[in-house]
Amino acid sequence: MTEADRLDTLLKETRTFMPSQAFKNQANFADPAIYEQAANDPEAYWAAQAENLTWFTKFTKTLEWNPPHAKWFSDGTLNATYNAVDRHREGIRKNKAAIIWEGEPGDSRVLTYDMLGREVDRAAHMLKSLGVGKGDRVAIYLPMIPELPIAMLACAKIGAIHTIVFAGFASTSLKDRILDADAKLLITADAGYRRGNIVPLKQNADEAVEGTNVEHVLVVTRVGEKANTTWHEKDVSWHDLMAKTPTTPFPAEPMNAEDILYILYTSGTTGKPKGIVHTTGGYLVGANTSMRSVFDIKDSDVYFCTADIGWVTGHTYIVYGPLSAGATTVMYEGAPDFPDRDRLFAIIEKYAVTILYTAPTSIRTFMKWGPSYIDQHDVSTLRLLGSVGEPINPEAWMWYHVHIGKEHCPIVDTWWQTETGCAMIAPLPGLMTTKPGSATRPVPGISVDVVDENGVSVGPGNGGYLVITKPWPSMLRTIWGDDERFKKTYFGKFEGIYLPGDGAHLDEDNYIWILGRIDDVINVSGHRIGTMEVESALVEHESVAEAAVIGRSHDVKGQAIAAFVTLREGIASSDELVKELKQFVSTKIGAMARPEEIYFTAELPKTRSAKIMRRLLRDIAEGRALGDTTTLADPSVVESLKQQYQEKES
Ligand code: WTA
């Protein structure tokens, strides 16, 4: 399906789904007046929501807004880990399961709030013994094992800033992030499991720390002997050190609400990833509030988010959101088709999961596999479903509704970003009528609009730029080390108004339909990848002179990467070289950035002012009749590319 067809089906969608009376009756947010109240006084709304956290010093100021810089609750103090763990140890949740962890090979571990708290305290002592203090940066490069949340919560407990790097990233990407954040400690594992294979994390980590200020590499043993790890001078065994640390409680560091909780890197329109900065108070208020409003979390829920903690979804909706709300959060280490395609449904049955949060690309994969893998299991405990990461096509939405939700679970399609910290546009499941393919309306306390090139509202029935018109507690505060880029990227187009970089359509009911990125960022299976990052990786290869990368639509992944490559003089194109270049990108960035296809071209199609015509490349990669080529400097370039595409298809 091409982009245009997709848009067409989306905008013709007319089905609506109302929350059932049964769901409404029990919903945390059940009074529709909340929308209007929050819209009339967003600050009062957020200040009231902030009461759900435990503050060491209560804030008296809610918002200070000097566009584009916001401070929320700035005279309040609190600690994220105290809120996520310790306060629950003091009451009836003490022995409640906080984290239910399922390992890929079939091992599992349950940590109650009290057990988790003890682990975090020991890890906090351990970090201190390694010289980590308040404000220091700790890079974490771990697979989805319990030590990952334990490590991040230990950082937050002592006031260190964690920067988690998804374990699928290659060593160069890890190194770039370590350097940019200037981390003094790296926490990694000997290796990880993925689809039964062993992923050599320690090896990547060893390469990444060279030439950085990392003083120690703290190594968790996940795989053991088969990992074949080489130990170096900087390395410290997590387990050995944990065994030596005191078992006494570690006092939570009182943090100012505006102290940094974490930095998380995400792709932008240049080759250099952006270190998105989130602070403690506002971020936690956003995460906690949306858990209660959008996810309707209850003490009786077993909540399962299938994301990886290496991405923002995992930060907010596996760790800080559910734990701050005292919920039971399920985390799964491995691939959804290991050992078989029913694995996620087996987990849902095993732990009686009530809320499932996953991505459209996963749903489309389940569709491809067929419902039999679901039907092998009892998934009747599910009561609410969520979707995130990319626009969900109505067909996938309906399939999710019918086959997984058995037509009785509301679906919350949640639009948000690394930068926004928590869900911004999403239905409140007890209040909002949903439409398949629309994230519906902003959550209470959030103001969004769809505007034209001049920042003027387009009004119902039209499309344009999605914008967020007022500050919100969990908004990014800056880009680490580059406030200018922060100002320019997000507030440069419309003054004082946040520009997410997505296109959107507003329908007659004021529902928002997200149309995807409008910048040079692509979304492959819900992973954000900058085209420039892939281009820079490609041109580092000795055979490559120039490269242009675009996202083309893909039935399962949403988008796939297509690369157009010009080779250096004297280098001949070959299938071997295609393979080599794909592999090269994998080792430079990570497997998720591996191009789906590579086209060789004597020249890239450029305008007379030397701008690469990406739209044209997209047309070629999607096999579409070519649009306007009149501005092209050398029309023959396109002809030969078209030919290559046709040969590939036949
Ligand atoms: C896209 C992931 C449509 C969007 C939480 C955004 C979505 C980017 C949705 C952020 C959704 C995320 N519907 N598009 N429900 N959720 N996106 O930073 O383009 O990894 O800008 O955050 O994903 O990706 P990020």
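Source: prediction; values computed, not measured. (Residues numbered from 1 in each chain as written. Predicted model: local features only at pLDDT ≥ 70, side-chain atom pairs only at ≥ 80, totals over all residues. Heavy atoms only, no water.)

Draft legend 1. Examining the site of the ligand more closely. In the vicinity of the ligand, 17 residues are found, and the nearest of them are D413, T414, T418, D502 and R528. With respect to the ligand, the side chain of D413 contributes an N or O atom lying 2.7 Å from a nitrogen atom. Between the ligand and T414, the relevant distance is 2.7 Å, taken from a nitrogen atom to a main-chain nitrogen or oxygen of the residue. Protein coverage of the free-state accessible area of the ligand, which is 520 Å², stands at 97%. In the shell around the ligand, the residues fall into six nonpolar, six polar and five charged. (Near = heavy atom within 4 Å. Polar contact = N/O pair within 3.5 Å; in protein donor to acceptor, adjacent residues only side chain to side chain. Areas by Shrake-Rupley, 256 points an atom, 1.4 Å probe, with all protein chains shown as cover. Nonpolar A, V, L, I, M, F, W, Y, C, P; charged D, E, K, R; others polar.)

Draft legend 2. Structural context of the environment of Q559. Here Q559 lies in strand β28 (residues 558–567). Q559 sits in the buried class, given a relative accessible area of 18%. For Q559 and V524, which are 35 residues apart along the polypeptide, the C-alpha to C-alpha distance reads 4.9 Å. Not counting the four nearest positions on each side in its chain, Q559 is found in contact with I522, N523, V524, S525, G551, R552, S553 and H554. In terms of polar contacts, Q559 uses its side chain to reach the backbone amide nitrogen of N523, at 2.9 Å. (Helix = DSSP H or I, 4+ residues; strand = E, 2+ residues; numbered from the N terminus. Buried < 20%, exposed > 50% of the residue type's maximum accessible area, 1.4 Å probe, protein only. Contact = heavy atoms within 4.5 Å.)

Draft legend 3. Up close: the sheet that holds strand β5 (residues 108–112). Read from one edge to the other, the open sheet built from seven strands follows the order β5-β4-β17-β16-β18-β19-β20, with strand pairing classed as mixed. Only two strands of the sheet have a single neighbouring strand rather than two, namely β5 and β20 (411–414). Going from strand to strand, the sheet's axes swing by 15° on average, the running direction of each strand aside. Running over the sheet, helix α12 (residues 312–324) touches β4 (97–102), β16 (302–305), β17 (328–332), β18 (355–358) and β19 (384–388) and is turned about 165° from β16. Of the strands in this sheet, β18, β19 and β20 touch helix α16 (residues 394–404), which is tilted by about 155° from β19. (Pairing = 2+ DSSP bridges. Axes fitted to C-alpha atoms, helices over the stretch in contact; angles between N-to-C directions.)

Draft legend 4. Spatial organisation of the packing of helix α8 (residues 171–181) against helix α9 (residues 201–209). It is the contact of α8 with α9, at a shortest axis distance of 8 Å, that shows an interaxial angle of 45°. Put simply, α8 runs oblique to α9. Along this stretch, α8 crosses α9, giving a crossing that reads as right-handed. In this structure, α8 uses S171, L174, K175 and I178 to contact α9, whose residues at the interface are N204, A205, E207, A208 and V209. Broken down by class, the residue content of the contact of α8 with α9 amounts to five nonpolar, two polar and two charged. (Parallel < 35°, antiparallel > 145°, perpendicular 65-115°, else oblique. Left-handed = near helix turned anticlockwise from the far one by under 90°.)

Draft legend 5. Expanded view of the side chain of T62. Of note, T62 is situated in the loop between α4 (42–49) and β1 (63–66). Take T62: its relative accessible area is 15%, and that puts it in the buried class.

Draft legend 6. Local environment of the packing of aromatic side chains. Across all of its chains, the model carries 29 aromatic pairs by this definition. Seen from their ring centres, F295 and Y357 are 4.6 Å apart, and the 65° between their planes marks the pair as edge-to-face. With F295 in the loop between α11 (280–293) and β16 and Y357 in strand β18, this residue pair connects regions lying 62 residues apart in the sequence. Take F295: its relative accessible area is 0%, and that puts it in the buried class. Measuring from ring centre to ring centre gives 6.1 Å for F486 and Y490, while their planes differ by 55°; the resulting arrangement is tilted. Placement of both F486 and Y490 in helix α17 (residues 483–491) is noted, with a separation of four residues, approximately one turn of the helix. Here F486 and Y490 have matching classes, each one buried. We note K58 situated over the ring of F59; from NZ or CZ to the ring centre the distance is 4.6 Å. (Phe/Tyr/Trp six-rings, centres within 6.5 Å; stacked < 30°, edge-to-face > 60°. Lys NZ or Arg CZ within 6 Å of the ring centre and 35° of its normal.)

Draft legend 7. Region of the structure containing the domain arrangement of the protein chain. When its domains are assigned, the protein chain resolves into domain 1 (3–504) and domain 2 (521–649). Taken over C-alpha atoms, the centre of domain 1 sits 32 Å from the centre of domain 2. Of the residues lining the interface, 26 residues belong to domain 1; the matching set on domain 2 comes to 26 residues. Note on domain 1 versus domain 2: buried area summed over both sides is about 1,900 Å², and carbon and sulfur give 46% of it. Put simply, domain 1 and domain 2 have one salt bridge between them. (Domains from an automatic or database assignment. Buried area = accessible area lost by both parts, 1.4 Å probe. Salt bridge = Lys/Arg side-chain N within 4 Å of Asp/Glu carboxyl O.)

Draft legend 8. Spatial organisation of the packing of helix α14 (residues 360–369) against α16. Running from amino to carboxyl end, α14 crosses α16 at an angle of 65°, the nearest separation of the two axes being 10 Å. The angle between α14 and α16 places the two elements in the roughly perpendicular class. α14 and α16 meet at a crossing whose hand is left-handed. Contacts between α14 and α16 involve I363, R364, F366 and M367 from the former and E395, A396, W399, Y400 and I404 from the latter. Classifying every residue of the contact of α14 with α16 by side-chain character gives seven nonpolar, no polar and two charged.

Draft legend 9. Spotlight on the environment of P429. Assignment of secondary structure puts P429 in the loop between β20 and β21 (448–451). Look at P429 and you get buried, because its relative accessible area is 5%. Along the primary structure P429 and P273 are separated by 156 residues, whereas in three dimensions their C-alpha atoms are 34 Å apart. Excluding residues that lie within four positions of it along the chain, P429 makes contacts with P19, F23, S293, V294, D296, L384, P410 and V412.

Draft legend 10. Structural detail: the pairing of strand β11 (residues 216–220). The buried fraction of β11 is high, at four of five residues. Across five bridges, strand β8 (residues 185–189) lies against β11 in parallel orientation. Bridge pairing links L186 to V217 in β11.

Draft legend 11. The sheet that holds strand β24 (residues 512–517), seen in detail. Taken in spatial order, the four strands make up an open sheet running β21-β22-β23-β24, and their pairing is antiparallel. The open sheet has two edge strands with one neighbour each: β21 and β24. Taking each pair of neighbouring strands and ignoring which way they run, the sheet shows an average axis angle of 40°. Two elements, strand β23 (residues 502–506) and β24, share five bridges in a ladder whose sense is antiparallel. By the bridge assignment for β24, H505 is matched with W513.

Draft legend 12. Examining the pairing of β19 more closely. When you tally the buried positions in β19, you get five out of five residues, the bulk of the element. Taking every second residue as pointing to the same face, both faces of β19 are buried, with L384, G386 and V388 on one and L385 and S387 on the other. Examined bridge by bridge, β18 and β19 share four bridges and lie parallel to one another. Bridge pairing in β19 places T358 opposite S387. The sheet contact formed by β19 and β20 spans four bridges and is parallel. When the bridges of β20 are listed, L385 appears paired with I411. For the crossover that starts at β19, traverses α16 and ends in the parallel β20, the hand is right-handed. (Right-handed = clockwise from strand over helix to strand, strands pointing away.)

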